Amino acid sequence: SPLRADSAVIIKRQAELRDEYDFIVAGAGTAGLTVADRLSEGGQYTVLVVEYGYLDGSHDITATGPDAREPFVPEYRSGTRMYNITSAPLVHTTGRPANVACGCVVGGSSAVNGMFFDRGSAEDYDSWVWAAGEDHEAEYAREWGWDNIYPFFQKSVTFHPPDERMQEEYKMTYDMAAWGGDTPIHASYPPFQWPGTVAVWDAWRTIEGVEFPKEHGDGNATGLIWCPNSIDPSDRTRSYSRRGHYDNGANERTNFHLLPAHRATKVVLEEVEGAEDRTHRAVGVHIAPRDGDMWEDGPRLVRARREVVVSAGSVHTPQVLQRSGVGPRDVLEAAGVEVKVELPGVGFNLQDHAHYTISFNYTTDLTPNPGSLASDPEFRAEADRQWAENKSGPHSSNVNGGAFLPLPFLSNRSEAIIESYLAQDPAEFLPSNAHETVIAGYKQQMKTMARMFASNRSAELEWLVSGRGGSSIIMIKIVSRGTILISPEDDGDSRGNVEPVVDWRTFSNPIDAEITAEFLKLARWFMQTEAMQKTFAPVEVSPGVDIATDEEIIAWIKSRISPSNGHLVGTASLGPKELGGVVGPDLRVHGIEGLSVADNSIMRIIPGTHTSSTAYAIGEKAADLVLRRAKANPLPETDPVELPVEEDPAEEDNGE
Ligand SMILES: Cc1cc2nc3c(=O)[nH]c(=O)nc-3n(C[C@H](O)[C@H](O)[C@H](O)COP(=O)(O)OP(=O)(O)OC[C@H]3O[C@@H](n4cnc5c(N)ncnc54)[C@H](O)[C@@H]3O)c2cc1C
């Protein structure tokens, strides 16, 4: 069994830890476990993964259907599977702070997410290359862009197509060519759809100009899309990084150590004498126990012979870098952290998918509908039976379709909006302490965003198709930029328990409010279409017809918009240093040897998709880059590769 550390066995466990590994991965999340699995699978490298969360394989994590626990119950927040972080007040919208949702357990956010498992459009990934600017585009295009990430999307999952009945009954389509991997991260479709869901799809079919791609996973992710869920169809349990990249056999490798319940408090950097470009080298990480007293000698240095890979997620990767002395000078100095490598983009460029709920009353709703489970005992009994028998039927339903709509389709004001966006001064709506390189980078992003706004090949609005009258309107491109910066109270040397300040700055750029008001108008228009009227006769409940003018609509949206879908990205992003980028095309942190980032913080611009499948693809891509580097730079084999691993009778992994 792997290392399991808890307060009772820390000393013993500390002794088991080696002083040095080939690679140290900070964070056993979605991307981090993917990287660690790939780096260790050949057997020639030793790998340590340090994870702040616990190794928790309980049924609560994997259960779906009626057995699933609502992930937002308090135990998840204040307990052990989610961080308990409150954001800075959302001064441009509600005025209130919000909860920052991110997973804190072996498996990271893939252990707590909603299992909607889609991919973005080709342009979403090409945009990371476009945003590198003309001088650097070719360099970034060699490793990134859709063509270079697509093979890693394919490698990262095992796809289970909808069966013939589902294809016929629900008109589901797919193209096997988009998939083809055999990694045990499963993508599958729920065997049941509510009649209302199918009727909404049919209503969209009556509208001219809407696309219905045969497959969304091949880069054609605009229009009406059936998306899989990250669910293992054999037993309808959550498929997540721990299952696919640790329980898959990685946990039996003697060259792979997982150290849960410990924090990588910082990366230890040493100066490289005489170097002009990469002035520092990462020699290892400081780790500290999560529970119990701090070790007498303080955090322990574990050395990395080859590379440290930071996979702590978009919230904590910038924190780890900043605590290590890598980041914006003013922020580091305010926290009393010695500046090692000034990198102004670390923690800037935060993006997320803001959303709000609208609600319509379906006066002629179809039956059965989700309400039938409560109102119709016979229907409920049959649903229970189907679930008990083979995990099918209504209980197996998961929202797995959506309308992903481009701006030119959803608004006749798209050109005017793009024009007023491009007329902005790039610094105007950025944080006042944004460095000139961050501003220059945003200027290039503006061109990139405008290109996507004008295109029919990338989406701005996501509207889930659930067949219900209440649903979320999700902004899947956002022009406002937020920050995740270490708190001035973080002295840089403690156990790392002072959480960073998350400031989404939702709607700090007024263009976002303007665009999302167009979404609401589109939604209202759709509800009035003949097909929707005929089937459901929807009556608007919220916002309600008295919210009519643009000003009223925007004020209403501002009063309730949620800043996050748990899709935080962009805080250590790909891009040239002079454009506020943090990592180069090889994912190495600018100015530093032996340090790379592999998680969603590298996304330059948020893609028009839920973000977990991209996290896996980034993990696969990162492993490929790191392994290529390792092969090109053979080190003398000084240590035996075999690691001592003891059976731990105290292991309480209550996984099924
Ligand atoms: C509630 C919720 C619902 C979501 N729903 C969906 C959905 O339906 N579909 C979808 O595609 N996406 C969804 N997402 C988003 C998606 O799950 C994430 O974008 C993705 O999993 C992030 O992967 P990551 O590797 O970047 O980070 P994570 O998976 O969050 O991994 C980071 C890991 O690093 C650990 N860590 C942090 N700091 C340290 C440190 N200093 N030392 C050691 N360990 C550390 C953390 O504990 C965590 O385990 C959701 C997210 C949340 C939170």
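## Quick word on the side chain of glutamine 424
By the element assignment, glutamine 424 lies in the loop between helix 16 (414-422) and helix 17 (436-453). Dropping the residues within four chain positions of it, glutamine 424 is found in contact with Phe429, Met446, Asn509 and Ile511.

## As for the pairing of strand 19 (residues 470-475)
Burial within strand 19 is extensive, with five of its six residues counted as buried. Where strand 16 (residues 355-362) meets strand 19, five bridges bridge the pair, whose relative direction is antiparallel. In the sheet register, tyrosine 356 faces strand 19, and the bridge partner there is isoleucine 473. Summarising the sheet, strand 18 (residues 461-464) and strand 19 pair through three bridges and their orientation is antiparallel. From the neighbouring strand, tryptophan 463 faces strand 19, where its bridge partner is isoleucine 473. Here strand 18 folds back onto strand 19 in antiparallel fashion, the turn holding five residues, of which glycine 467 has a positive phi close to 75°.

## Some details on the confidence of the model for the protein chain
A low pLDDT means the predicted coordinates there should not be read in detail. In the predicted model, the protein chain carries a mean pLDDT of 92, and 93% of its residues have values of at least 70. Here residues 1-12 is modelled with pLDDT under 50, and outside its nearest four sequence neighbours on either side it reaches 36 contacts, counting other chains as well. Note on residues 645-656: pLDDT under 50 across the span, and 30 contacts to partners over four residues away in sequence or across chains.

## Some remarks on the site of the ligand
Contacts to the ligand come from 40 residues, most closely from Thr30, Glu51, Tyr83, Phe116 and Ser612. One nitrogen or oxygen atom from the main chain of tyrosine 52 is found 3.2 Å from a nitrogen atom belonging to the ligand. In isolation the ligand exposes 1000 Å². Once the protein is present, 96% of that is buried. If you list the elements that add at least two residues to the shell around the ligand, you get helix 2 (30-41), strand 11 (262-271), helix 11 (313-323) and helix 21 (612-632). Per-class residue counts for the shell around the ligand are 17 nonpolar, 20 polar and three charged.

## Points about helix 5 (residues 122-130)
With eight of nine residues buried, helix 5 lies mostly within the body of the structure. Restricting attention to buried positions, one finds in helix 5 the residues Ala122, Glu123, Asp124, Tyr125, Ser127, Trp128, Val129 and Trp130. Contact partners of the buried residues in helix 5: helix 6 (137-141), helix 7 (146-156), helix 17 and helix 21.

## A short note on the packing of aromatic side chains
Summed over the entire model, instances satisfying the criterion amount to 23 aromatic pairs. With a centroid separation of 5.9 Å and an interplanar angle of 85°, the aromatic rings of phenylalanine 159 and tyrosine 189 are classed as edge-to-face. Here phenylalanine 159 is found in strand 5 (residues 158-159), whereas its partner tyrosine 189 is found in the loop between strand 6 (186-187) and helix 9 (195-205), with 30 residues between them in sequence. Accessibility expressed as a relative area gives 5% for tyrosine 189, which makes it buried. An angle of 90° between the planes, with centres 6.1 Å apart, marks the rings of tryptophan 204 and tryptophan 463 as edge-to-face. On the criterion of sequence distance, the pair formed by tryptophan 204 in helix 9 and tryptophan 463 in strand 18 is long-range, its members being 259 residues apart. The class for tryptophan 463 is buried, based on a relative accessible area of 5%. Of the aromatic side chains, those joined through ring pairs into one cluster are Tyr125, Trp128, Trp144, Trp146, Tyr150 and Phe153.

Thresholds applied
Residues numbered from 1 in each chain as written. Predicted model: local features only at pLDDT ≥ 70, side-chain atom pairs only at ≥ 80, totals over all residues. Heavy atoms only, no water. Helix = DSSP H or I, 4+ residues; strand = E, 2+ residues; numbered from the N terminus. Contact = heavy atoms within 4.5 Å. Buried < 20%, exposed > 50% of the residue type's maximum accessible area, 1.4 Å probe, protein only. Pairing = 2+ DSSP bridges. pLDDT = per-residue confidence, 0-100. Near = heavy atom within 4 Å. Polar contact = N/O pair within 3.5 Å; in protein donor to acceptor, adjacent residues only side chain to side chain. Areas by Shrake-Rupley, 256 points an atom, 1.4 Å probe, with all protein chains shown as cover. Nonpolar A, V, L, I, M, F, W, Y, C, P; charged D, E, K, R; others polar. Phe/Tyr/Trp six-rings, centres within 6.5 Å; stacked < 30°, edge-to-face > 60°.

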